[in-house]
Each structure stands twice: as structure tokens, then as C-alpha cells.
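Structural characterization, general
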Amino acid sequence: MIVRKIIAIALKDVTSTYRNVTALVMMLAAPLALAALLGLAFGGNDSGYSVPITRVAFVNQDEGRDSTRGPIALGTLLCDILHSPDLKNLLAITVFTSPADARASVDKGKAAVAVVIPPDFTASITSPDPSATSSIILYADPTQTLGPAIVRGITQEVADAFNGSRAVSAVMLHLAADAGPPPGQNGPNSNVTTEDMEKIILQTTSAYIQATQEEGFSGTTARGPQVDHQAKDPGIEGLVLSGMMVFFMFIGGANIARSIIDEDAQGTLPRLFTTPTRRSVILGGKMVSVFLTVLTQAIILLLAGGLLFGIDWGGVVPVALLTLNTALVSAGLAVFLVSLMKTPAQAGAITSGVFVTLALLGGNFVGSMPIGGLFSTIRRLTPNGWLLEGWDKVLRGAEAHDILLQLSVAMAFAAVTFVAGSLIFRRRFS
Amino acid sequence: MGFIEADNLRKQFDPPRGVIAVDGVSFAIEAGEIYSLLGPNGAGKTTVISILSCLLRPTEGDARVGGNSVVHQAAAVKSLIGMVPQDIALYMDLSARENLVFWGKMYGMVGAELNRRVDEVLELIDLKDRQRERVDKYSGGMKRRVNIGVALLHRPQALYLDEPTVGIDPQSRRAILDAILEFRNQGMTILYTTHYMAEAQELSDRIGIMDHGRMIAEGTHEELVRIVGEDAHVQLSVDRNLEALMNVWPTLDGVGTVSAENGKITLLVHDATSTLPYLFETAQREGARITEISVMEPNLEMVFLHLTGRALRD
Ligand SMILES: Nc1ncnc2c1ncn2[C@@H]1O[C@H](COP(=O)(O)OP(=O)(O)O)[C@@H](O)[C@H]1O
Ligand SMILES: [Mg+2]
């Protein structure tokens, strides 16, 4: 009987909501329209941002060197990285043998940038002498900006990684030295030699090369999450609509949660309290209403996104889990916020303000893509930030186990707000 | 022992400083009786009815419905009563039928029984034809009827109606009053609140007059009217010689006090029918004409005026 009554209350609310034109516009039409508009603004082709392909003239003069693990050639590695599938939509590489030919290619406008790896590249990077340096030469067409910048970014990043491995080796050696000699040996640093250092540098470098070849180079794509080994293209519409969906689910949830206060003011809630139905059942029914409404809202938006924009949301299981989570968070947050409000008008104004603030901090309006830096720290202070991180990953092909962190944080947030909101409502109406 | 018994009910909102809406009210309603609470706005009628329907917890006192305490056995009380709130409490975006089905479920009804009962109630409130239209498309009177229908679904033994005729056309009002009398004839116990004296007088077996949270008088209509005596009020205006008449009329048989205010004379008379001809006769003899006259038989309005010094409708 209790379950029947809860279902009756929830069904009644869902029916009311989906009969209300304003509510429908806010819940469904607005996010779809905004996603369509933003999708168009960003070009709207199926590969998302359309960055033109940059033609690169590449010269590898690196002589490499031998190590105990076999020959090492970092120039070849850089060449492989530039050729990697991750970058094939960004770069078209032509290999030249002489730097002069490469420059000529740029001068004639056949390439946007020339990259020349010097002969001593590997030798100086793996040298134990910290003063040993070597420079990669970039020769760019001054009329081009984007392409050369991308190439500079990528080579810089690779070079940093190499230098990083050298620095790490050096630090490790110094740490070992500071720890003092092992028992039975005399004198400080007596066990650290230049040969040891060189050996370790070579080892870390070759380990780095191996790792890069096994896992693919993942540091240079525009997006951060480390699921790229099975990455799929999220598409701009997916990124934008997921942001809109989360935002408008929060609003949709709050609208239904507000119906608790509305019903109190309109007298149907007091009237419910005169029926032989326990107050906890009535309030429980309202909570289920909020959850079901945002859940159906999410399902409709997901389906509409697929049908209208051809969005491939990702795997069924992670998408289902994340949808459920998003609905729980929207419901929890809505119930909590509305429980603090006195009048329907107050609830309307204050919840919208809170949601817009959260959306600005959490990044709903910039789609779900991670921007990086301070922003990615701030967004993790918001529930929508976590949800969007999850949606971003799922859109890029993440499986359920890849988004466990996002799911757990969202669940915890939903649970806390839901319980707090329910308790406040219970106290208020007892 | 009454079917509904209120025992020294007291309700203070937001204690310790809030309004004392009900202040020591006691009364009993027999099974099968129509009992009206009559009083002006703010008298505390809705608060009493809310306590009796377990919506508000009394600050002090208790009440019993069918022997069950409203404080301690709320569930039992709620299934015995049907409550018609003062303001229409329906879902405006649902149809009449959808509303009735929903509220029926809240009273624990299901399936075929629920559907059958919804049909019966729709028949009873005369909305069968328009049962599938949204309630917000209905007239005020139709909404009121649905509002009452909801409370009848589970065949309650007692029906509370809180000012159910406010703001509707005379025809709908008539229909509602007739329906209430019919419910009583079928054995329902009815608690009715109103600030219309005429409604209380017409419907009620007994009436409680409330003011400022207190029960100031209680009884049948006849008993209450006796509080102000049997005298009718006759109010009239004359075109001249007012002073002379003011001296003559008090000497007539069957006339009590005579007073004048703003050119209008008020007389208390024992029996208006036999006294009126003499009033016209004496006026003519003094060379005056009665230009306006009205007779007020003793009624609840006068009782209220008598007890509080204020008119019922303020
Ligand atoms: N929820 C409430 N909070 C505070 N005061 C209230 C509340 N409900 C009613 N009152 C006050 O209690 C008094 C009685 O109100 P009410 O029972 O509604 O009177 P009536 O139904 O006879 O018009 C009024 O002064 C009213 O303002
Ligand atoms: Mg009232």
C-alpha cells in the first residue's frame, strides 16, 4: 500500500510536469535548442572543432647512441610521435634528408613549419653533464600561426619529457648519495660515479621510449583524461548537450521539488495530510517524483541528442550509471535547496541563482571538455563539475570502471543532500 | 456521547508569542447531526476543523472522533472523516476524474472498486459529462463540487466542510446545501463552518457561535435566538413630526424600547404582525407618513451583535 501510494504521488507529479508547457520548454526544449545553436557556432561538422591540418617538413639528423639495452635514437622517437594516429588529423609529415630542403619547402609555402633534429640530440640529452645542450630547430612560415604553434607545443612537450627523465635520474642519484653509504663502505658519494649516472639516464630514457611505444603518446591531445587508448571522438554536440543536460536537469529537479512548497501553499499538501497516508510516505513520494522527473528528462535528452545530432553517448553501462547518478544528484540538490526555502517565489529565484553559479564554476556552459589548470580544480568543488567530468570521459569511450571516482563523488553528494533535504522537510511538516 | 467531541481545545501558533487561534473550545456532535460553527473571519473555525482532521496538533486539549483521539490515533480518525478544505485543494492540471482517482488512492482505494466509486461520485457531483477536462477549465461552482467529491470517495462517517459556499453562484450554493442535507439523511455526521448566518440557520441541527477563538454560545437555532429575547426589530423612517412619534410609540401595547438615530427609528416589538397597523395609524394621526419600514425577526445576527457588540459580517 505504501509503495502504491508513493507511485501514485510520483505519477501524478510526472503527469503534471509533462503537461506543463513552460516546464517542458525549460526541461527539454531549452537544452536541445542551446546545444543546436552552440553546435552550429562551433562548426557543427562531425569531427568537432575544425582545425586545418598543418604540413610539417621533418629532418632527423640525430645519430643516436648505443646503450646496454641497445641503440637509442630519440630523434626517431619524436618522428614516430609526430606520425602517431592521435595527430593524424592535425599534422601531415613529410620527411626530408637535408635541412636546406625542409626550409625551402616552407619558403615555397608547401609546409607551414620545418623541424630539424640536430645530430647530437640523443647524445646531449643522455649525457650526465648537466651543461650539455642541444636544440631542435623550428623554421616556421611567419604567415601561419596555429600550425607552427601546435608543432612547437608537441616538440616542446616531448623534449620536456626527455629532460624530465634526465632530471629525475639526477635527483634519484643525489637522493641515494644523501642517504649515505651502505654499511661496510666508506666516504660520502663514494658509490656514485659519472658512469652510474649515465647508466641510469639511459635506463630511464629507454624505459620512457618503451612506455611511449606501448601506450601511445597521450600528452599532446587537446584533452586531458587518460582514456585515450580507446578514445572515440566525443563530437561538439555531445560535449555541449551534456553540459546543458546537467544544468537543465538541476533546474527541472528544483521545479518539481518546489512543488512541495507550491502544494503546501495551494492546500493540496495539507489535504494529503488529512488522508490516511503517513507524512513520510507523502514526502517520500515527492522525492521519488523529483527523481523520476529528472530521470525521464535525462532519457529524453539522451535519445533526442542521438536522434537529432547523431551523438554517440558511449557505452550502455557507463551511460546508464552516469544518467542515474546525474538524476540522483539533481534530485538531491533540488530537495535540499528547496527544503531551505519558505515561499514558492523564493524557491524559484534562489535556486536559479545557485544553479547558474554552479554552472559557471562547474563548466556547464563550456560543454564538458576539461579546460585545465585552476578551472579543473574549481570545477571539482561543484557536483556538476564531477558529473561533467564523467560525461566527458564516457563521451570519449570510457567504461564504467574509468568513471568510478566521478560516480562515487556524485553518489556521495546526492546521498548527503537528499538525506539533509528530507530531514529538513520532515521536521518542517511534522 | 457524541460521535465528535472536542474537549477544551487550544491552539497557539508559533508559541510562546504567536496568535492564540483557538482558546479552550469544547463541543460535542451527535452521530447523524449537522453541526455548524458560525463566526466571522479569524474566529478560529478553520483551526478547529484542522485540529479535528489531525492536520494541526492542539497546543492543549484533545478531541475524539468515533472514540479515537485526534492526537494519539490520527490514522483511525483520518479514515473516518472526509475533509472539504476552505480553499479549493485540487490539482488544476489534472482532470476531475484524474483528481478523484488520485485522492481515492490516497484513501487506500484501488482497482475496480476505486473506478466504480469515482463513477458514483462524478454522478453525485454532476460532472460526469466533463470529467475528462482539466479542473482549471471549470467554473468556480464546478471546482467546489469536485472539492467536495474528493472528500466523499471513501464513504466517510463524518464530513467536515469548511465554508464550502464562499464565492459561488446561488444555484451552485443551493445544490451544495441540498446535497449536505441529503448526506445527513443518509446518516453522515456533518461539521460545517460558515460566516453566513442564513446557512447556519437553514442547515444546522445545532450551532456553535465562535468569536476570537472562543465558543460564545451554543445550541439549536431556537435556543440561541432566545438569548436576545422574542422581540423583533422594526426600523422605520417618517417624513415629519419625528419627536411627537417618539413620545407616542413607547406608550403602545407590545412596544418595548424606542430609539432614534440619523432620522431612523428603531423599535423593539413583541409581535410585529399585530403591532405594525397601530404604528401606521398613530403616524397618520400625527400628520406624518412612514416612508420606509423593515422588520427583523430575531436571528443569529442579532445574537452575535448582542453577545459581542459587533456585527457578524466585518
Ligand atoms: N498557520 C497560521 N499561523 C499563524 N496564525 C494563523 C495560522 N492560521 C490561522 N492563524 C490565525 O489564527 C486565527 C484564526 O484563524 P482561522 O482558524 O483561519 O479563522 P476562521 O477560519 O474562523 O476565519 C486568525 O487570527 C489567523 O490569522
Ligand atoms: Mg476559515
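Some details on the overall build of chain B
Along its length, chain B carries 11 helices and 14 strands. Across its three principal axes, chain B shows a C-alpha extent of roughly 80 × 50 × 35 Å. Looking at chain B as a whole, 51% of its 314 residues are labelled buried. Put simply, 66% of the contacts in chain B that link residues at least 6 apart link residues at least 24 apart.

Remarks on the nonpolar core
Counting residues in hydrophobic clusters, the biggest one holds 89 residues, and the most contacted among them are F355 of chain A together with W103 of chain B. If one sorts the elements of this core by residue count, helix α8 (residues 236–266) of chain A sits on top with 17 residues. Non-local contacts of F355 of chain A, meaning those with residues more than four positions away in its chain, are made with F247, F250, I251, A254, L333 and L337 of chain A. Of all hydrophobic cores here, the second largest spans 30 residues; its members include F3, A6, A63 and V70 of chain B.

What about the interface of chain B and chain A?
The interface is formed by 28 residues belonging to chain B together with 22 residues belonging to chain A. Between chain B and chain A, roughly 2,100 Å² of surface is buried when both sides are summed, and carbon and sulfur atoms account for 62% of that area. Where chain B touches chain A, the interface holds one salt bridge. Across the salt bridge formed by E98 of chain B and R19 of chain A, the nearest N and O atoms sit 2.7 Å from each other. The interface formed by chain B and chain A includes 12 residue pairs in polar contact (both at pLDDT 80 or more). Secondary-structure elements contributing two or more residues to the side of chain B that touches chain A are α2 (74–80), β6 (81–84), α3 (96–106) and α5 (140–152) of chain B. Looking at the side of chain B that touches chain A element by element, the count peaks at five residues for α3 of chain B. Here the side of chain B that touches chain A is composed, by residue class, of 18 nonpolar, five polar and five charged.

Topic: the coordination of the magnesium ion (ligand 2)
Residue and element names in this part refer to chain B. Around the magnesium ion (ligand 2), the protein contributes the donor atoms T46 (OG1) and Q86 (OE1), at 1.9 to 2.3 Å from the metal centre. Of this pair, T46 sits in helix α1 (residues 45–52) while Q86 sits in the loop between β6 and α3, placing them 40 residues apart in sequence. Residue classification places T46 among the partly exposed positions, given a relative accessible area of 31%.

Details of the site of ligand 1
Residue and element names in this part refer to chain B. If you check the shell around ligand 1, you find F13, V19, A21, P40, N41, G42, A43, G44, K45, T46 and T47 and nothing else. T46 is positioned with one of its side-chain polar atoms (N or O) 2.6 Å from an oxygen atom of ligand 1. Contact with the protein chains hides 62% of the accessible area of ligand 1, taken as 560 Å² for the molecule alone. The greatest single-element share of the shell around ligand 1, amounting to three residues, is contributed by α1.

Parameters at a glance
- Numbering of residues starts from 1 in every chain and runs along the sequence as written.
- Ligands are numbered from 1 and chains lettered from A, in the order in which they are written.
- Where local features are concerned, this predicted model is filtered to residues with pLDDT of at least 70; where side-chain atom pairs are given and counted, the filter is 80 or more; whole-chain, interface and lining totals use all residues.
- Side-chain measures were taken over the full set of non-hydrogen atoms in the model, leaving aside hydrogen atoms and water.
- For the purposes of this entry, the term helix denotes a DSSP run of H or I that reaches at least four residues, the term strand denotes a run of E that reaches at least two, and both are numbered from the N terminus.
- Partly exposed describes any residue whose relative accessible area lies between the buried limit of under 20% and the exposed limit of over 50%, with all areas from a 1.4 Å probe on protein chains only and scaled to the type maximum.
- Any two residues whose heavy atoms approach within 4.5 Å are treated as being in contact.
- Nonpolar core, defined: a set of buried Ala, Val, Leu, Ile, Met, Phe, Trp, Tyr and Cys residues in which side-chain atoms within 4.5 Å join the residues together.
- The term buried area means the drop in 1.4 Å probe accessible area that two parts suffer when joined, counted for both and summed.
- Salt bridge, as used here: a side-chain nitrogen of Lys or Arg that lies within 4 Å of a carboxyl oxygen of Asp or Glu.
- Counting of polar contacts relies on pairs of N or O atoms within 3.5 Å, with two restrictions inside protein: one atom must be capable of donating a hydrogen and the other of accepting it, and residues adjacent in sequence are counted only when both atoms are side-chain atoms.
- Polar here means any residue other than Ala, Val, Leu, Ile, Met, Phe, Trp, Tyr, Cys and Pro, which are nonpolar, and Asp, Glu, Lys and Arg, which are charged; Gly is therefore polar.
- The donor set comprises N, O and S atoms within 2.8 Å of the metal, extended to 3.2 Å for Na, K and Ca; water molecules are omitted, so apparent gaps in a site may simply reflect that omission.
- We define proximity as follows: a residue is near a molecule or strand when any one of its heavy atoms falls within 4 Å of that partner.
- All accessibility values rest on the Shrake-Rupley procedure with a 1.4 Å probe; residue burial counts only the protein chains present in the view.

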